[in-house]
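# Chain and residue survey
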Amino acid sequence: MALTEERRAALQAQLDQARAAEFKLETGGLRASVSYEGEQVTYSAANRASLRSFIRRLEAQLGLRRSARARSRGVTF
């Protein structure tokens, strides 16, 4: 299903905000907040994985990744 320009812009804004929050946590911030669909979620280092999952879902909706699931990486020796 194709995204409307308005929906694409809203998703991109959410993705930008989520990536900024992830950067804040990665660089030592204690908390970072993201607003989307009328709600505000505050992330901390303890739930960073949840934030990364949210970022993957947004990227999948925007067509920037094939799936919202993290891909496993094979190990070769």
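Going by the structure above, here's the rest.
Numbering of residues begins from 1 in every chain and follows the order in which that chain's sequence is written. With pLDDT at 70 or above as the cut-off, local features in this predicted model cover only qualifying residues; side-chain atom pairs require 80 or more to be listed or tallied, and sums for whole chains, interfaces and linings still use all residues. The basis for the side-chain values is all heavy atoms of the structure; hydrogens and waters are excluded.

## Quick notes on the pattern of salt bridges
The term salt bridge refers to a pairing of a side-chain nitrogen on Lys or Arg with a carboxyl oxygen on Asp or Glu at a separation within 4 Å. Counted under the stated rule, the structure contains 6 salt bridges. We note a salt bridge from Glu37 to Arg7, for which the minimum N-O separation is 3.9 Å. In this pair, Glu37 is assigned in the loop between strand 1 (31-36) and strand 2 (39-44) and Arg7 in helix 1 (residues 5-26), connecting sequence segments 30 residues apart. A relative accessible area of 31% places Arg7 in the partly exposed class. We note a salt bridge from Arg52 to Glu22, for which the minimum N-O separation is 3.0 Å. A residue pair is termed long-range when its members are at least 10 positions apart, and Arg52 in helix 2 (residues 48-61) and Glu22 in helix 1 qualify at 30 residues. Each helix is a run of H or I in the DSSP string that is no shorter than four residues. Each strand is a run of E no shorter than two, and both are numbered from the N terminus. With a 1.4 Å probe rolled over the protein chains alone, any residue whose accessible area is under 20% of its type maximum counts as buried; one over 50% counts as exposed, and the rest are partly exposed.

## Points about the packing of helix 1 against helix 2
For helices, the fitted axis covers only the stretch in contact; all axes are lines through C-alpha atoms, and the angles between them, taken along N-to-C directions, range from 0 to 180 degrees. At a minimum axis separation of 9 Å, helix 1 and helix 2 run at an interaxial angle of 155°. Compared by their axis directions, helix 1 and helix 2 come out roughly antiparallel. The element helix 1 and its partner helix 2 pack so that their crossing is left-handed. Of helix 2, the residues touching helix 1 (which contributes Arg7, Leu11, Gln14, Leu15, Ala18, Arg19, Ala21, Glu22, Leu25 and Glu26) are Arg48, Leu51, Arg52, Phe54, Ile55, Leu58, Glu59 and Gln61. Residue polarity follows a fixed list, in which Ala, Val, Leu, Ile, Met, Phe, Trp, Tyr, Cys and Pro are nonpolar, Asp, Glu, Lys and Arg are charged, and the others, Gly among them, are polar. Here the contact of helix 1 with helix 2 is composed, by residue class, of 9 nonpolar, 2 polar and 7 charged. Each angle gets one of four labels, with under 35 degrees taken as roughly parallel, over 145 as roughly antiparallel, 65 to 115 as roughly perpendicular, and the rest as oblique. Take the far helix as your reference; a near helix turned counterclockwise from it by less than a right angle gives a left-handed crossing, and one turned clockwise gives a right-handed crossing. Only heavy atoms matter for contacts: two residues are in contact if any of them lie within 4.5 Å across the pair.

## Some remarks on the environment of Ala2
For Ala2, the position within the fold is in the segment before helix 1. Relative accessible area serves as the criterion here: at 71%, Ala2 is assigned to the exposed category. A C-alpha to C-alpha distance of 10.0 Å links Ala2 and Gly63, two positions 61 residues apart in sequence.

## A word on the pairing of strand 1
Bridge count for strand 1 against strand 2 is 6 bridges, and the pairing is antiparallel. Across the sheet, Arg31 pairs through a bridge with Ser44, a residue of strand 2. Linking two consecutive strands that pair antiparallel, namely strand 1 and strand 2, is a turn of 2 residues; a positive phi of about 50° is found at Glu37 within it. Should DSSP find at least two bridges between two strands, the strands are regarded as paired.

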